[in-house]
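Understanding the architecture of this molecule
One letter stands for each residue in the lines below.
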Amino acid sequence: MMSNKAKMIIGALATIAVWATAFPFSKVALLYIDPLSLSVARVLIGAIFMLIIGVAKGLHIPTTWREWGLYILLGITGNFLYQVVFNEGLRTIPAATSSIILALTPMTTALLALIVYKDKMRPLGWAFTMTAFIGVAIIILWHGAVSIPIGALWTLLGMSMFAGYNIINRGLAMKGYSAITIATWSMFTGAVMTLPFVNHAVDTIIAAPPTAWFAIAYLAICSSALGFVFWSYALEHAERVSDVTNFMYLSPVVAAIVAALLLGEIPDLGLYIGSPIILGSLYMFNKCR
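This write-up is about the structure you can find in this document. (Residues numbered from 1 in each chain as written. Predicted model: local features only at pLDDT ≥ 70, side-chain atom pairs only at ≥ 80, totals over all residues. Heavy atoms only, no water.)

Points about the overall build of the chain
The secondary structure content of the chain amounts to 15 helices and zero strands. C-alpha extents for the chain along the principal axes are approximately 45 × 45 × 45 Å. Residues classed as buried in the chain amount to 48% of the 289 residues present. Total accessible area on the chain stands at roughly 13700 Å², and carbon and sulfur atoms take up 72% of it. Taking the average location of the 15 positive side-chain charges in the chain and that of its 10 negative ones, the two points are 11 Å from each other. (Helix = DSSP H or I, 4+ residues; strand = E, 2+ residues; numbered from the N terminus. Buried < 20%, exposed > 50% of the residue type's maximum accessible area, 1.4 Å probe, protein only. Areas by Shrake-Rupley, 256 points an atom, 1.4 Å probe, with all protein chains shown as cover. Lys, Arg positive; Asp, Glu negative; His and termini not counted. Charge placed at Lys NZ, Arg CZ, Asp CG, Glu CD.)

In structure tokens:
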């Protein structure tokens, strides 16, 4: 029998594997289809799988307009609109750069929690927040202020949106909603938002080569649905939440390696300088906040 720690490690590593590889696989899909079509496919297919998982696990069905309103906000900030912004960002920046910027999500979430939930933060937490954003500035300004890649700005917007998703998610969790229920209904509402764009997405995807179909299937099934299942499994067997979230620091490394092998993307010097600053700041922030 495996220990809880071993189960936590397996779950966390499996999650990072499918989440980090979403960056290069999205880049592959975007070679053949537009960001909107990819977002529609990923959210819609992922929602179908999550509904199957949710029904099997037992779902709380929303009964009030307030509940549905919160799930709609989650569908916007963590699923449909977030996916559109995320994919738009990947069109013009390397997968490794995108993963580094999105690694700021836990820190941004903590800053929002300071405002919304009055969570306290020590002075060192603020200090490492500043150094992390200095690292981001180095990456996006490396070639000069006049050439800030628009993809980096899209990705920063996506990161901020997902931090908002985490805050709403936390509020529901504090009221006793299960992780499976929150994820399922947020993906469901996100999928409903994709319906006006399904015809366009189907036409675009049908015209794409099988390589794009494989990338879409991987993103929807593995990076979306299974990624959440793995993450929940890891959290279920963890002694502390931070034991799991610390594994997120591996995500940019995995994304960079897979992007180099799959896409031939070699990061520029700005990423090599900014990344250690960001990752080191994130690690120390988690320790000192």
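Comments concerning the pattern of salt bridges
Per the counting criterion, the structure on display carries one salt bridge. Put simply, Glu 88 and Arg 91 hold a salt bridge, and the shortest N to O gap is 3.2 Å. When its relative accessible area of 23% is taken as the criterion, Glu 88 is described as partly exposed. The class for Arg 91 is exposed, based on a relative accessible area of 51%. (Salt bridge = Lys/Arg side-chain N within 4 Å of Asp/Glu carboxyl O.)

A look at the nonpolar core
Within the largest apolar cluster, 52 residues are counted, with the highest numbers of intra-cluster contacts made by Leu 38, Leu 104, Ile 216 and Ile 278. Leave out the neighbours within four places in its chain, and Leu 38 touches Ser 26, Ala 29, Leu 30, Ile 33, Asn 87, Ile 216 and Leu 219. In this structure, Val 43, Ala 47, Ala 191 and Phe 228 belong to the second largest nonpolar core, which totals ten residues. (Core = buried A, V, L, I, M, F, W, Y, C linked by side-chain atoms within 4.5 Å. Contact = heavy atoms within 4.5 Å.)

Here's the deal with helix H3 (residues 35–57)
A rise of 1.5 Å per residue sets the reference length of H3, with its 23 residues, at 33 Å; its end C-alpha atoms lie 32 Å apart and thus fit the reference within 8%. You can read the cap of H3 off the contacts: a side-chain oxygen lies 3.1 Å from the backbone nitrogen of Leu 36, and it is on Asp 34. Among the residues trailing H3, Gly 58 stands out with phi positive, at a value near 100°. (Expected span 1.5 Å × (residues − 1). Polar contact = N/O pair within 3.5 Å; in protein donor to acceptor, adjacent residues only side chain to side chain.)

Regarding the packing of aromatic side chains
What the rule picks out here adds up to eleven aromatic pairs. Ring plane angle 55° and centroid distance 6.1 Å describe the contact between Phe 25 and Phe 214, whose orientation is recorded as tilted. Linking Phe 25 in helix H2 (residues 22–30) with Phe 214 in helix H12 (residues 210–236), this pair joins segments that are 189 residues apart in sequence. Here the aromatic rings of Trp 68 and Tyr 71 are separated by 6.5 Å at their centres, their planes lie at 70°, and the arrangement is edge-to-face. In this pair, Trp 68 and Tyr 71 both sit in helix H4 (residues 65–78), three residues apart, roughly one turn of the helix. Among the aromatic residues, those joined into a cluster by ring pairs are Phe 23, Tyr 82, Phe 86, Phe 162 and Tyr 165. (Phe/Tyr/Trp six-rings, centres within 6.5 Å; stacked < 30°, edge-to-face > 60°.)

Observations regarding the packing of helix H6 (residues 95–102) against helix H9 (residues 150–174)
Two numbers describe how H6 lies on H9: the axes approach to 9 Å, and their chain directions differ by 35°. Taken as a pair, H6 and H9 cross one another with a handedness that is right-handed. Contacts from Ser 98, Ile 101 and Leu 102 in H6 reach Ala 152, Thr 155, Leu 156, Gly 158 and Met 159 in H9. Counted by class, the contact of H6 with H9 contains five nonpolar, three polar and no charged residues. (Axes fitted to C-alpha atoms, helices over the stretch in contact; angles between N-to-C directions. Left-handed = near helix turned anticlockwise from the far one by under 90°. Nonpolar A, V, L, I, M, F, W, Y, C, P; charged D, E, K, R; others polar.)

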